[in-house]
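# Observations on the three-dimensional arrangement
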Amino acid sequence: MELCIGATRLSAGKQTDHASELAIVERCRKQDYEAFGKLVDAYQNRVFGFVRRMVSNAEEAADITQDVFIRAFQSFGRFDGRCSVRTWLFRIAYNLCIDRARKIDRSPGEVSLQGTAEIDETFDLPDGRWQPDQIAIDSELCAVIDVAIASMSEKLRSVLLLHDKEDLPYEEIAQMVGVPVGTVKSRLFLARAHLQQHLRNYLNTEVAQ
Amino acid sequence: MKRFEQDKINGLEMRLTEQELDKRLDSAGQQQVRTMLQAMPEEPLSLSWRSELNQVLAAKRDSKIRRRRIAWFLSPALGLGVAGALAVVTMFKTPEVRTSQISGDTIEAQLVASHRNSIRIADVTGVGLNSYEVIEGKNTSTVTPGSDLDGVDFGSL
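Being a predicted model, the structure only gives us computed values, none of them experimental.

This next bit is on the overall build of chain A. If you tally the helices and strands in chain A, you get eight helices and two strands. Going residue by residue from the N terminus, the α and β elements of chain A occur as β-β-α-α-α-α-α-α-α-α. With 209 residues in all, chain A has 56% of them scored as buried. Residue pairs at least 24 apart in sequence account for 68% of intrachain contacts in chain A once pairs closer than 6 positions are excluded. Total accessible area computed for chain A in this model is approximately 9300 Å², and 49% of it derives from carbon and sulfur atoms.

In terms of regular secondary structure, chain B is built from six helices and zero strands. Shown N-terminal to C-terminal, the secondary structure of chain B runs as helices and strands in the order α-α-α-α-α-α. Across the 157 residues in chain B, those meeting the buried criterion constitute 15%.

This brings us to helix α6 (residues 154-165) of chain A. Residues and elements named next belong to chain A. Extensive coverage of α6 is indicated by the burial of eleven of its twelve residues. Buried within α6 are the following residues: E154, L156, R157, S158, V159, L160, L161, L162, H163, D164 and K165. Once α6 finishes, D167 follows within two positions and takes phi at roughly 65°, a positive value.

Counting residues in each nonpolar core, the largest one holds 75 residues, and the members touching the most others are F36, F50, V51, F69, L89, I145 and L195 of chain A. Top element by residues in this core is helix α2 (residues 33-55) of chain A. It accounts for twelve residues. Formed jointly, this core draws a minimum of three residues from each of two domains, domain 1 (2-104) and domain 2 (116-208) of chain A. With residues near it in sequence (within four places) discarded, L195 of chain A still touches I145, A148, I149, M152 and L160 of chain A together with V33 and L37 of chain B.

Turning next to the side chain of N45 of chain A. Tracing the sequence through the fold places N45 of chain A in helix α2. Judged by its relative accessible area of 16%, N45 of chain A is buried. In this structure the side chain of N45 of chain A is engaged in a polar contact, spanning 3.2 Å, whose partner is the backbone nitrogen of L45 of chain B. In this structure N45 of chain A touches E42, E43, P44 and L45 of chain B, once residues within four positions along its chain are discounted.

A side chain of one charge can pair with a side chain of the opposite charge when the charged atoms of the two come close. Counted according to the given criterion, the structure contains 14 salt bridges over all chains. Connected via shared salt-bridge partners are D164, D167 and R192 of chain A together with R34 of chain B.

So, on to the packing of aromatic side chains. Taken as a whole, this structure holds ten aromatic pairs over all chains when the rule is applied. Where F36 of chain A meets F76 of chain A, the ring centres are 6.1 Å apart and the plane angle is 90°; that geometry is what we call edge-to-face. In this pair, F36 of chain A is assigned in helix α2 and F76 of chain A in the loop between α3 (58-74) and α4 (85-104), connecting sequence segments 40 residues apart. Of the residues examined, F36 of chain A reaches a relative accessible area of 2% and is grouped as buried. Aromatic side chains F79 of chain A and W88 of chain A sit 4.8 Å apart centroid to centroid with 40° between the ring planes, which places their arrangement in the tilted category. Feature note: the residues Y33, F36, F69, F73, F76, F79 and W88 of chain A together with W49 of chain B constitute an aromatic cluster, connected by ring pairs. Sitting above the plane of the Y170 of chain A ring, K185 of chain A keeps its charged end 5.1 Å from the centroid. Above the face of the Y33 of chain A ring, R61 of chain B is positioned so that its terminal group lies 4.3 Å from the ring centre.

Time to look at a nonpolar patch on the surface. On the surface, L78, V82 and L86 of chain B cluster together to form a nonpolar patch covering roughly 320 Å² of accessible area. Within the secondary structure layout, V82 of chain B lies in helix α4 (residues 47-91).

Residue and element names in this part refer to chain A. Confidence in the prediction of chain A, expressed as mean pLDDT, is 79, and 75% of residues score 70 or more. Taken element by element, the predicted model of chain A shows its lowest mean pLDDT in strand β1 (residues 2-5) (38) and its highest in α3 (93). Counting contacts from residues 1-15, a segment whose pLDDT is below 50, to residues more than four positions away or on other chains yields 39 contacts. Considering only residues more than four positions removed or in separate chains, one finds that residues 108-117, a stretch of pLDDT under 50, has 34 contacts.

Definitions and limits used
- Residues numbered from 1 in each chain as written.
- Chains lettered and ligands numbered in written order.
- Predicted model: local features only at pLDDT ≥ 70, side-chain atom pairs only at ≥ 80, totals over all residues.
- Heavy atoms only, no water.
- Helix = DSSP H or I, 4+ residues; strand = E, 2+ residues; numbered from the N terminus.
- Buried < 20%, exposed > 50% of the residue type's maximum accessible area, 1.4 Å probe, protein only.
- Contact = heavy atoms within 4.5 Å.
- Areas by Shrake-Rupley, 256 points an atom, 1.4 Å probe, with all protein chains shown as cover.
- Core = buried A, V, L, I, M, F, W, Y, C linked by side-chain atoms within 4.5 Å.
- Domains from an automatic or database assignment.
- Polar contact = N/O pair within 3.5 Å; in protein donor to acceptor, adjacent residues only side chain to side chain.
- Salt bridge = Lys/Arg side-chain N within 4 Å of Asp/Glu carboxyl O.
- Phe/Tyr/Trp six-rings, centres within 6.5 Å; stacked < 30°, edge-to-face > 60°.
- Lys NZ or Arg CZ within 6 Å of the ring centre and 35° of its normal.
- Patch = residues over 30% accessible without salt bridge, like charges linked within 9 Å, V, L, I, M, F, W, Y side chains within 5 Å.
- pLDDT = per-residue confidence, 0-100.

Quick look at the structure:
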């Protein structure tokens with residue numbers, strides 16, 4: 001996702017324009033309200049997408065997203081620039097989601113992972129929607145994926161979203177979550193396997209109908 | 001359930017080396033899941049959410065500016081206050097005479113004793129007589145009225 005903001009182009013995706021981002025970061029450090037607004041424009045939907053899937057309640061997710069940006073604005077002076085702004089924002093978002101989960105102390109319908117580790121084959125899908133080059137996925141399938149993600153534990157869910165959805169590298173996720181890189185990979189593998197299992201069940205039901 | 005999941009993760013880590021895990025993660029099935037997730041649409045936030053955030057950020061910024069202004073006024077005042085207090089303390093402080101106790105028969109002790117002695121003598125006898133004379137005078141007979149010198153006619157000399 002790329003956004004054009006004024007004369008500068010700020011990317012929130014893979015092709016991050018580092019020079020313009022650095023300039024904006026520098027302005028944000030000086031508490032430039034306008035520059036911070038540009039950062040919010042660039043990342044608000046991505047951060048919200050992550051938080052939305054982490055907490056499942058839309059209103060609460062919006063509040064947490066707001067909190068992410070407020071905290072970022074207040075503590076921009078402490079941002080050392082060792083990681084990208086995107087990683088930093090996701091780190092704040094992740095910490096807030098974990099804090100919230102600890103407060104609630106809930107265990108969201110974690111499903112059994114029995115057998116999922118053995119799944120390693122590709123889908124044999126009759127449906128054209130499964131083609132990797134297909135960008136649009138219909139709302140029904142999105143809902144199924146969202147349910148599958150919500151049924152995972154926070155450990156698996158956060159790694160899956162940060163790596164596969166937000167495209168963060170293993171090392172940064174490991175640092176963020178506080179586990180070794182190997183554990184991140186194991187969690188990612190299990191999360192994907194769980195999602196595969198869930199989708200297979202859904203497709204089998206569809207075909208049966 | 002959580003324990004079971006943790007066991008599963010640990011078991012997977014122990015069973016597979018990192019290369020094997022990488023290989024599995026790069027398999028077509030796993031990559032398909034990744035592609036699907038990346039293709040998932042993003043839910044946009046409402047304009048009211050954004051305006052609410054702007055209000056909160058503006059309020060935070062204003063309070064920060066206010067705090068900075070207050071600090072700008074307060075810090076010199078505080079500095080002046082501290083400096084004044086220090087000045088008062090320094091001015092009204094009475095000088096303390098520190099004496100050091102020197103004991104024993106060292107040269108320093110003897111010097112101090114001699115100095116104190118001379119001061120005492122000066123207090124008693126006044127200026128014009130040194131300590132040597134006083135100490136000598138203790139051993140010799142003092143000049144008293146009605147001595148041999150009474151009859152001497154100093155005028156004829």
